[in-house]
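# Observations on chain architecture
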Amino acid sequence: MTPVRGDLPARKRINRLYDESLYRFDAVEPSYWEATGGALSFASTALRGDASCDVAVIGGGYSGLSTAYHLAGNLQADVRVLEAGHIGWGASGRNGGFCSLGGSKLGLASAVRRYGIEAVRHYWRAQVDAVELVRSLILEEGIDAQITGDEELAVACSARSFAELRAHALDQFTLLRLDASVVPADEFRERYFDSPQQHGAIRIRPTFGLHPVRLVRGLARAAVARGAILHAGSEVLAWQKSGDVHLLSTAGGTLRAKKVVMAANGFMPEHLHRSFAGRPMPMISAIVVTRPLSDVELGAHRWQSSTPMITARNLLNYFRLLPDRRLLFGGRGHSSGGAAGTASNYELLISQMRQLCPAWHDVTIDYRWQGLVCFTRRLTPSIGRLADDPSVFFAFGYHGNGVNTSIWAGREIAGWIASGAGNAVPASIPLMVQGLSERFPLAAIRLWYLRARLAMLRAADRIDDLRS
Ligand SMILES: Cc1cc2nc3c(=O)[nH]c(=O)nc-3n(C[C@H](O)[C@H](O)[C@H](O)COP(=O)(O)OP(=O)(O)OC[C@H]3O[C@@H](n4cnc5c(N)ncnc54)[C@H](O)[C@@H]3O)c2cc1C
């Protein structure tokens, strides 16, 4: 029997990158989504004793559930999902609900230099397909995911930023053959909202808003209906291989599987398998949600839209008006996730929200929560199959934009597994996302790179503000 990474079964010995409070799988993050997520209408029990299956998936978020859903459906595979918390415990139950284009932080010029324009266009076509995949899955499975809006706006916070958006961003979207257009400040004021910080925007399609927990629960229900078995409360503590069989051990039992899919994104248990160690760069993203806003308050900013929006900055904020007239406002989280830093980060978010909407200076906050998104060293998602063990697949690194990308990636991995093809990567998976991204050098201190990078971006935003 071979441990794939040392002998580290005991949870207490895991060295996490962030504060331990980020990894309390038995706790429920106090989000607006959890409070309004509807009933659990699917079965999921902890793994007890020994069991076996063809495909075991580690992680019960969108990536893992989509893999299971697509495998169990037309592909008829015998698949089980092992989830440490409850189904949707991770980012899939905590995000802003933007089903939008993104997934990569690699700039266009660098991407074209590295992969060529056709490969880059292929990536962005897949992004559009991914948004439409989520939409059709919601409709076909009758998921009450509360879809709102049909576009995303990148809002310029200064006249200078708007000029740059118009001059450069639009050209880039055109080069990528994406559906983007300019919204001047006066049209923006009439159709969306007004603020001292809005100077026009770029409109991008397709995008829509949704309810993340309702989506994750709907996807889980659909996967179970197709025959997938979900094990919540089943953290994988050790991963060993005996001949061709993987053995995934939890506190309650052991799952034997012919194939394994690693689908844990920012919460990746890197210690379980040497191939994944040092590859992900998790980063905290945080959200606050106001109490419901009155007509007078909405009127003070002429707010009349539920369109998902972001600020066009390096360290952006994302925001949308929810169906019950609360504002959801998100941004980067604290750099370590400790209690004091997390509290001051929420205050920073709230002050950013009040700068955008000064008339709401005394509107109280009803919900605040956070979770981990995942970057990679090459700044594009990592989707593939291990070169030295073709029975292990993976999908992670969606750069804070995984609602569409994770569900699409799960479908691609499922198709790949079911096709039985050797190591050949299916043609539908764009070059930009294929395979593992390089490891971070000195991976144990990789958060220091992240902090340095964030400090540089923050400084660049400040300089932009001063020049505006
Ligand atoms: C605050 C926030 C806001 C965001 N907003 C947006 C947005 O508006 N739009 C967008 O596109 N994206 C957004 N994202 C990102 C998006 O939510 C993620 O990219 C996506 O949900 C990733 O899905 P996943 O299934 O790969 O990972 P996750 O949903 O994080 O699931 C991974 C799961 O793996 C489990 N796990 C970890 N270790 C183990 C183990 N040892 N054994 C078993 N299970 C384990 C975890 O418990 C977790 O549930 C946001 C993320 C956050 C945190």
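Residues numbered from 1 in each chain as written. Predicted model: local features only at pLDDT ≥ 70, side-chain atom pairs only at ≥ 80, totals over all residues.

Here the focus is the overall build of the chain. Counting its secondary structure elements, the chain contains 11 helices and 19 strands. Here the chain has a C-alpha radius of gyration of 22 Å; the compact-globule value for 468 residues is 23 Å, and the two agree. Structurally, the chain occupies a C-alpha span of about 65 × 45 × 45 Å along its principal axes. The burial tally for the chain puts 50% of its 468 residues in the buried class. Long-range pairs, those at least 24 residues apart, make up 80% of the contacts in the chain between residues at least 6 apart in sequence. (Helix = DSSP H or I, 4+ residues; strand = E, 2+ residues; numbered from the N terminus. Rg over C-alpha atoms; globule rule 2.2 N^0.38 Å. Buried ≥ 20, exposed ≤ 12 C-beta atoms within 10 Å, placed from the backbone. Contact = placed C-beta atoms within 7 Å.)

Glancing now at the environment of Ala 286. Along the chain, the position of Ala 286 falls in strand β13 (residues 281-290). The spatial distance from the C-alpha of Ala 286 to the C-alpha of Trp 369 is 5.8 Å, given a sequence separation of 83 residues. Contacts of Ala 286, omitting those with residues within four sequence positions, involve Gly 330, Gly 331, Gly 333, Asn 345, Tyr 346, Leu 349 and Gln 370.

In the neighbourhood of the ligand, 45 residues make up the surrounding shell, with Gly 61, Gly 90, Gly 96, Gly 371 and Gly 402 lying closest. Of all the secondary-structure elements, those providing two or more residues to the shell around the ligand are α2 (62-72), β13, β17 (365-375) and α10 (402-419). At 4 residues, β17 tops the list of elements feeding residues into the shell around the ligand. Residue composition of the shell around the ligand, grouped by class: 20 nonpolar, 22 polar and 3 charged. Both domains that furnish three or more residues to the shell around the ligand are identified here as domain 1 (2-96 + 212-278 + 378-448) and domain 2 (140-209 + 283-376 + 451-467). (Near = placed C-beta within 6 Å. Nonpolar A, V, L, I, M, F, W, Y, C, P; charged D, E, K, R; others polar. Domains from an automatic or database assignment.)

Where the parts come together, the accessible area they lose is often given as the size of the interface. Here the chain is partitioned into domain 1 (2-96 + 212-278 + 378-448) and domain 2 (140-209 + 283-376 + 451-467). The centre of domain 1, based on its C-alpha atoms, is set 29 Å off from the matching centre of domain 2. Between domain 1 and domain 2, the contact holds 32 residues from the first and 27 residues from the second. Of all the secondary-structure elements, those providing two or more residues to the side of domain 1 that touches domain 2 are α7 (212-225) and α11 (446-467). Across the side of domain 1 that touches domain 2, the residue classes tally to 13 nonpolar, 14 polar and 5 charged.

Attention now moves to α2. Most of α2 is tucked away, with 11 of its 11 residues classed as buried. For α2, the elements touching its buried residues are β2 (49-58), β3 (79-82), α7, β12 (253-262), β19 (392-396) and α10.

Moving on, we come to α10. Helical geometry: 3.6 residues make up each α-helical turn, so side chains three or four residues apart lie on a common side. Taking 1.5 Å of rise per residue, 18 residues should cover 26 Å, and α10 covers 25 Å from first to last C-alpha, within 8% of that figure. The buried fraction of α10 amounts to 15 of the 18 residues, a majority that puts the element mostly inside the structure. Just beyond α10, the residue with positive phi is Gly 420, at close to 70°. (Expected span 1.5 Å × (residues − 1).)

Attention now goes to the pairing of strand β11 (residues 245-249). Consecutive side chains along a regular strand alternate between the two faces of the sheet. Here 5 bridges tie strand β10 (residues 238-242) to β11, and the two strands are oriented antiparallel to one another. Its bridge partner lying in β11, Ser 242 is registered against Val 245. Between β10 and β11, which follow one another and run antiparallel, lie 2 residues, and Gly 243 among them has a positive phi close to 60°. Here β11 runs beside β12; their pairing, made up of 4 bridges, is antiparallel. (Pairing = 2+ DSSP bridges.)

Quick look at the pairing of β3 now. Neither face of β3 is open: one carries Val 79 and Val 81, the other Arg 80 and Leu 82, and all of them are buried. Across 4 bridges, the pairing between β2 and β3 is parallel. Paired with Ile 58 across the strands is Leu 82, a residue of β3. Sheet topology note: the β3/strand β9 (residues 229-231) ladder contains 3 bridges and is parallel.

Taken together, 8 strands build an open sheet; the order of strands is β6-β7-β5-β14-β15-β16-β13-β17 and the sheet is mixed. Here the strands that pair on one side only, and so sit at the sheet edges, are β6 (179-183) and β17. The average angle at which neighbouring strand axes cross in this sheet is 20°, direction not considered. (Axes fitted to C-alpha atoms, helices over the stretch in contact; angles between N-to-C directions.)

Positionally, Asp 129 belongs in helix α4 (residues 117-140). Spatially, the C-alpha atoms of Asp 129 and Asn 404 are 8.7 Å apart, while their sequence positions differ by 275 residues.

For the rest of this paragraph, the subject is the nonpolar core. The tendency in soluble globular proteins is for nonpolar side chains to be buried as a group. Among the nonpolar cores identified, the biggest contains 131 residues, and Val 57, Ala 68, Ala 223, Ala 228 and Val 261 are the most heavily contacted of them. With 9 residues, α4 is the single largest residue contributor to this core. Per-domain counts for this core show at least three residues from each of domain 1 (2-96 + 212-278 + 378-448) and domain 2 (140-209 + 283-376 + 451-467). Those residues within four positions of Ala 228 in sequence are excluded, and the remaining contacts are Ala 68, Tyr 69, Ala 72, Val 79, Val 81 and Ala 223. (Core = buried A, V, L, I, M, F, W, Y, C linked by C-beta atoms within 7 Å.)

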